[in-house]
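Analysis of the macromolecular model
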Amino acid sequence: MSLSGTSTPTGRSGRSTPLHLRDVVHDIIRHYRHEKDSEAHRIFRQSAGHKPKGSLPQTVNPDEETVPGIEHPGSTGVIYCSDRAMANGFSYASSHEWANLGQGAPEVGQIPDAPARPTSIPLPEDSLEYAPTTGVKALREAVAELYNHQYREGKLSQYTFENVCIVPGGRAGLSRVAAVVGDVYCSYQIPDYTAYDQVLSAFKRLVPVPTALDAENHYRLDVDQIRKDIRTQGLEVILASNPRNPTGQVIQGEELKALVNVARDSAATLIMDEFYSWYMYPEDENYGHSVSSARYIDNVDQDPVVIVNGLTKNWRLPGWRVCWVLGPKNLITALSQSGSFLDGGANHPLQLAAIPLLDPDRVLQEKVALQKHFKHKRDHVLQRLEALGLKVAVPPVATFYIWLNLEQLPAPLNNGLTFFEELLKEKTIVIPGIFFDINPAHRRNLFHSPCHHFVRLSFGPPLEDLDKGLDAIGRVLRKAKKEGGSALGHSYKKSIDSVHQIDQLV
């Protein structure tokens, strides 16, 4: 017996190993074998930029480092999944044959009762010039006025154009902000938006500090925990999406007010990714409301709150790449400088074309139509999933995503990567949950990830595409039931490994 009273087994060598240590070693070996023995996981690890780091001495991979000093940062979930879909026959020319339940964008066509979609863009001669790196002044004014109208009526402190920086996409906005942040501890949550992984990896001055959110708390930001972490860990920056991608949850009202107050009182910068602020699904059908931390800011030039948003999701114009960052004036001047060497600014003609789209009356019409339409799609998908035996434990109350737990499915379908690969055979795309495990060091074994047994389903596409994808999920589940696990988890197509092959499919 050991001193703890636990029996100590004797190995073949005659030496004894404490039971708890032996179990730990066996557990490590077991999980290592799982990743190595899974074809879906091997394909992922072989993709440029996705090899584990830190577990073994690193060697140069000639496929990744053909140019000295260049490293692959790893692709975001949507890009990796698109590449894998191409390996399985997907092309943009024949995309109608596929169901893309992985897309991180809403349908862009006309929906019931919404304003007409833009069909032409004026090109005045001055729009052929570069726009300022902070954006066209008239658009900056329109953004400020819209936020004041929606969230700051009756407040003494109001946004002006000087509080707005126009950026060429949300990632560009986040990158500009990250480029001007000093050496700080930055809090982020798991799961969250997949691109945060690359941002936190690329900008080394941000020291990432993770917090895992759990289903029991509906993946909510714990404001009390954030307050404690600021005090005990010295956090200076908090990065979060709200509403949350991929879980479809949101904090609003007093909770959101408390979070803004914590940032103000603690002098910690709060960076809020609010791209899904219109995708709210009230049970009382009181449509037209949206959420933003802008409602709870006291002084727009002093409160350390940074908001990133744009036309991409709410206006359903992802191809325009016209977005914005709101914050104190001194932040906007810093973003102008970082934009001058990072991206050079947003498209000039599209900035001008965006101005009338921010008219408050038009915005209200857009919001009401969007919320009704996407709520109907959400309810439809949830009902069909439940009929397939896939009841969603934490249904989305916002965004257009469903965070689906696969743990109850038989192996090997019970992990996101294998589920994803099996659906590719059925011409359907989903996003494996591991991409929302913000893991900048890339050291975690995939089987240890809290997101490993999840996939993100998007109900952004049109309803007919959603049904096509749900039919495919049904076929995979029936195959698993009929033929057993041995029929799954293998025979996957190799990834496309040359630019020429990709060009042929685009």
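Description of the structure in this document. (Residues numbered from 1 in each chain as written. Predicted model: local features only at pLDDT ≥ 70, side-chain atom pairs only at ≥ 80, totals over all residues. Heavy atoms only, no water.)

1. Some details on the overall build of the protein chain
Along the backbone of the protein chain there are 14 helices and 12 strands. Relative to its full complement of 506 residues, the protein chain shows a buried share of 52%. Sequence separation of at least 24 residues holds for 77% of the intrachain contacts in the protein chain that already meet a minimum separation of 6. When the accessible surface of the protein chain is split by element, carbon and sulfur atoms take 52% of a total near 23,500 Å². (Helix = DSSP H or I, 4+ residues; strand = E, 2+ residues; numbered from the N terminus. Buried < 20%, exposed > 50% of the residue type's maximum accessible area, 1.4 Å probe, protein only. Contact = heavy atoms within 4.5 Å. Areas by Shrake-Rupley, 256 points an atom, 1.4 Å probe, with all protein chains shown as cover.)

2. Quick look at the sheet that holds strand β8 (residues 323-326)
Judged by pairing direction, the sheet is mixed, and its seven strands sit side by side in the order β2-β8-β7-β6-β5-β3-β4 without closing on themselves. Each edge of the open sheet is held by one strand with a lone partner, namely β2 (164-167) and β4 (206-212). Pairwise comparison of adjacent strand axes, ignoring direction, gives a mean angle of 20° for this sheet. Here β2 runs beside β8; their pairing, made up of four bridges, is antiparallel. Each bridged residue has a counterpart across the sheet, and for Val167 the counterpart in β8 is Cys323. Packing against the sheet, helix α8 (residues 253-266) makes contact with β6 (269-273) and β7 (305-310), and its axis sits at approximately 145° to β6. (Pairing = 2+ DSSP bridges. Axes fitted to C-alpha atoms, helices over the stretch in contact; angles between N-to-C directions.)

3. Let's talk about the pairing of β8
Judged by which residues are buried, β8 turns out to be covered on both faces: Cys323 and Val325 on one side and Trp324 and Leu326 on the other are all buried. The sheet contact formed by β7 and β8 spans four bridges and is antiparallel. Looking at β8, one finds that Asn309 is bridged to Trp324.

4. Comments concerning a nonpolar patch on the surface
Taken together, the side chains of Ile121, Leu123 and Leu128 make up a nonpolar region of the molecular surface, amounting to roughly 310 Å² of accessible area. Along the chain, the position of Ile121 falls in the loop between β1 (99-100) and α4 (137-151). Residue classification places Ile121 among the partly exposed positions, given a relative accessible area of 36%. (Patch = residues over 30% accessible without salt bridge, like charges linked within 9 Å, V, L, I, M, F, W, Y side chains within 5 Å. Salt bridge = Lys/Arg side-chain N within 4 Å of Asp/Glu carboxyl O.)

5. As for the packing of helix α7 (residues 223-233) against α8
Running from N to C, α7 and α8 point in directions that differ by 10°, and their axes come no closer than 10 Å. What the angle tells us is that α7 and α8 run roughly parallel. Side by side, α7 and α8 meet where Val223, Ile226, Arg227 and Ile230 of the first sit next to Glu255, Ala258, Leu259, Val262 and Ser266 of the second. Tallied by class, residues from the contact of α7 with α8 come to six nonpolar, one polar and two charged. (Parallel < 35°, antiparallel > 145°, perpendicular 65-115°, else oblique. Nonpolar A, V, L, I, M, F, W, Y, C, P; charged D, E, K, R; others polar.)

6. Things to note about the sheet that holds strand β12 (residues 454-458)
Strand order in the open sheet formed by three strands is β9-β12-β11, and the pairing between neighbours is antiparallel. Edge positions in the sheet fall to β9 (401-405) and β11 (431-432), since each of these pairs with one other strand and no more. Note: β11 against β12, two bridges, orientation antiparallel. Bridging across to β12, Pro432 finds its partner in Val455.

7. So, the environment of Ala294
Tracing the backbone through its elements, the reader meets Ala294 in the loop between β6 and β7. Judged by relative accessible area, Ala294 falls into the buried class, the value being 0%. Spatially, the C-alpha atoms of Ala294 and Asn148 are 8.6 Å apart, while their sequence positions differ by 146 residues. Contact partners of Ala294, with chain neighbours within four places excluded, come to Tyr147, Tyr151, Arg152, Tyr159 and Ile307.

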